[in-house]
Amino acid sequence: MLDVVELLARAGNRQLRFSDVVRELDLTQATAHAILKTLCDRGWASRDPVTKVFTLGPALAVVAARTDTVRPLAHAARSAMLRLAGEVGYAGSVVERFGDWLVVTAFEGEPATQPSGIPGDRIPYAPPFGVAFAAWDPEEERRAWIRRGAGDDPDRTGRLERILERTRRRGYDVDWTTPALAQAVRLVATLDSADMPTPARQILEQLRAEFTTIGFVSDDNPGRRKQPVVTIAAPAFDHRGRVALMVAVHPLCPLSARRVREIGDRLVEEAAAVTGARQLSEQPG
């Protein structure tokens, strides 16, 4: 049922019919009918009587209205993201971690400027994704993140350790890739190789290994010329001092090292303000 709600939420301007829900979620018609009927009866979904298109229902507006109150950190992060995106002129996003997944929970920009999927999409919490989380993880979790990308390879392990150390030192993460390469990395990361023939599985595993650190090449060779940048992200922290979410902007264009530092420093300021807003909201009345 939640898969259907998430599908409707991700649809945006797409018009989803019954057959679309069946096909995209690989459901039987009977199962899809039962779920959609329940959602419509409860107001979580609605069906246009003329076009037969399904959309999110009015009951979700009640949930959305409560979000700012029950999730003040996420609300502050979205406000910071909107402010910064308007200031620098690039798309912005808020990404949160849920278990072994990263989820884009807010996005501001044109659809074409979304480098890592639309809000609600899940991204594996494994290299090269989630550096702004992993860099401040406790040691055991940090090493688990590294193992998910490097396995037993000592060279990749050392490289990822240096990347996390550099990220902690400067306070923000930079993904130095092109938009097309970023999409390829995300696609490869989500493919399931279990049922693939051995040659295809080996190629996929090799690609995953290469993509593990591909977005960080320019960190080692900053130079003076402009380099393509997909994402610059900084963490905001919860009451335990753990990274709760990251605020990011997506230039999707070549930037000078100086411009990257300027945007990164502003991101750190905004993320610190989000953390401060959380601390202020927790003070007794």
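Thresholds, definitions, all that
- Residues numbered from 1 in each chain as written.
- Predicted model: local features only at pLDDT ≥ 70, side-chain atom pairs only at ≥ 80, totals over all residues.
- Heavy atoms only, no water.
- Phe/Tyr/Trp six-rings, centres within 6.5 Å; stacked < 30°, edge-to-face > 60°.
- Buried < 20%, exposed > 50% of the residue type's maximum accessible area, 1.4 Å probe, protein only.
- Pairing = 2+ DSSP bridges.
- Helix = DSSP H or I, 4+ residues; strand = E, 2+ residues; numbered from the N terminus.
- Axes fitted to C-alpha atoms, helices over the stretch in contact; angles between N-to-C directions.
- Parallel < 35°, antiparallel > 145°, perpendicular 65-115°, else oblique.
- Left-handed = near helix turned anticlockwise from the far one by under 90°.
- Contact = heavy atoms within 4.5 Å.
- Nonpolar A, V, L, I, M, F, W, Y, C, P; charged D, E, K, R; others polar.
- Salt bridge = Lys/Arg side-chain N within 4 Å of Asp/Glu carboxyl O.
- Polar contact = N/O pair within 3.5 Å; in protein donor to acceptor, adjacent residues only side chain to side chain.
- Core = buried A, V, L, I, M, F, W, Y, C linked by side-chain atoms within 4.5 Å.
- Expected span 1.5 Å × (residues − 1).

Asks: So what about the packing of aromatic side chains? Which residues, and what values?
Replies: The final tally for this structure, using the stated rule, is two aromatic pairs. An angle of 80° between the planes, with centres 6.3 Å apart, marks the rings of Y125 and F133 as edge-to-face. Summarising the burial analysis for this pair, Y125 and F133 share the class buried.

Asks: Report on the sheet that holds strand β4 (residues 101-108), specifying residues and quantitative values.
Replies: Reading across from one edge, β5-β4-β3-β9-β8-β6 is the order of the six strands in this open sheet, with antiparallel pairing throughout. Bordering the open sheet on either side are β5 (122-124) and β6 (173-175), each of which pairs with just one other strand. Between one strand axis and the next, the sheet turns by 30° as a mean value, whatever way the strands run. Two elements, strand β3 (residues 91-98) and strand β9 (residues 243-250), share six bridges in a ladder whose sense is antiparallel. Its bridge partner lying in β9, V94 is registered against V247.

Asks: Account for the packing of helix α7 (residues 139-150) against helix α8 (residues 154-170), with residues named and values stated.
Replies: Here α7 crosses α8 at 135°, and the two axes come no closer than 9 Å. With respect to α8, the axis of α7 lies oblique. Where α7 crosses over α8, the two elements pack in a sense that is right-handed. Counted together, R142, R143, W145, I146, G149 and A150 of α7 and R156, T157, L160, E161, L164 and R168 of α8 form the full contact between these two elements. Here the contact of α7 with α8 is composed, by residue class, of five nonpolar, two polar and five charged.

Asks: Pulling in residues and values, what's your account of the pattern of salt bridges?
Replies: Pairing is possible between side chains that carry opposite charge, provided their charged atoms lie close to one another. A full pass over the atoms with the stated rule returns 16 salt bridges. The partner of R83 in a salt bridge is E270, and the shortest N-O contact between them spans 2.7 Å. A residue pair is termed long-range when its members are at least 10 positions apart, and R83 in helix α5 (residues 72-88) and E270 in helix α12 (residues 257-281) qualify at 187 residues. The partner of R156 in a salt bridge is D153, with the nearest N and O atoms 3.4 Å apart. Three or more residues are tied together by salt bridges with common partners; here these are R83, E87, R266, E269 and E270.

Asks: Can you lay out the side chain of T231 for me, pointing to particular residues and giving the numbers?
Replies: Here T231 shows up in strand β8 (residues 231-237). You can call T231 buried: its relative accessible area is 9%. For T231, the side chain forms a polar contact with the side chain of H250, separated by 2.9 Å.

Asks: Summarise the side chain of T275; cite the residues concerned and give the values.
Replies: Looking at the secondary structure, you find T275 in helix α12. Among the residues examined, T275 registers a relative accessible area of 11% and is labelled buried. Contact partners of T275, with chain neighbours within four places excluded, come to A236 and F237.

Asks: Run through the pairing of β4, naming residues and quoting values.
Replies: With seven bridges connecting them, β3 and β4 associate as antiparallel partners. Across the sheet, the residue bridging to S93 is F107, located in β4. What sits between the antiparallel neighbours β3 and β4 is a turn of two residues, in which G99 has the positive phi angle 65°. In terms of strand pairing, β4 meets β5 through three bridges, oriented antiparallel.

Asks: How would you sum up the nonpolar core? Please name residues and give values.
Replies: One finds I232, L245, V260, I263 and L267 to be the most contacted residues of the largest nonpolar core, which totals 27 residues. Contributions of two or more residues to this core are made by α5, β8, β9 and α12. With near-sequence residues (within four places) excluded, L245 lies in contact with L73, A74, A77, V94, V95, E96, F133, A234, P235 and A236. Counting residues in hydrophobic clusters, the runner-up holds 23 residues, among them F129, A134, I163 and A233.

Asks: Report on the packing of helix α2 (residues 18-25) against helix α3 (residues 29-42), specifying residues and quantitative values.
Replies: Running from amino to carboxyl end, α2 crosses α3 at an angle of 115°, the nearest separation of the two axes being 10 Å. Note that α2 runs across α3; the crossing there is right-handed. Facing α2, whose interface residues are F18, V21 and V22, α3 presents Q29, A32, H33 and L36. Taken together, the residues that form the contact of α2 with α3 break down as five nonpolar, two polar and no charged.

Asks: If you had to explain α7 to someone new, which residues and values would you point to?
Replies: End to end, α7 covers 16 Å across twelve residues, agreeing with the expected 16 Å (1.5 Å per residue, within 8%). For α7, the complete set of buried residues consists of A144, W145, I146, G149 and A150. Immediately beyond the C-terminal end of α7, within one or two residues, lies G151, with a positive phi of roughly 60°.

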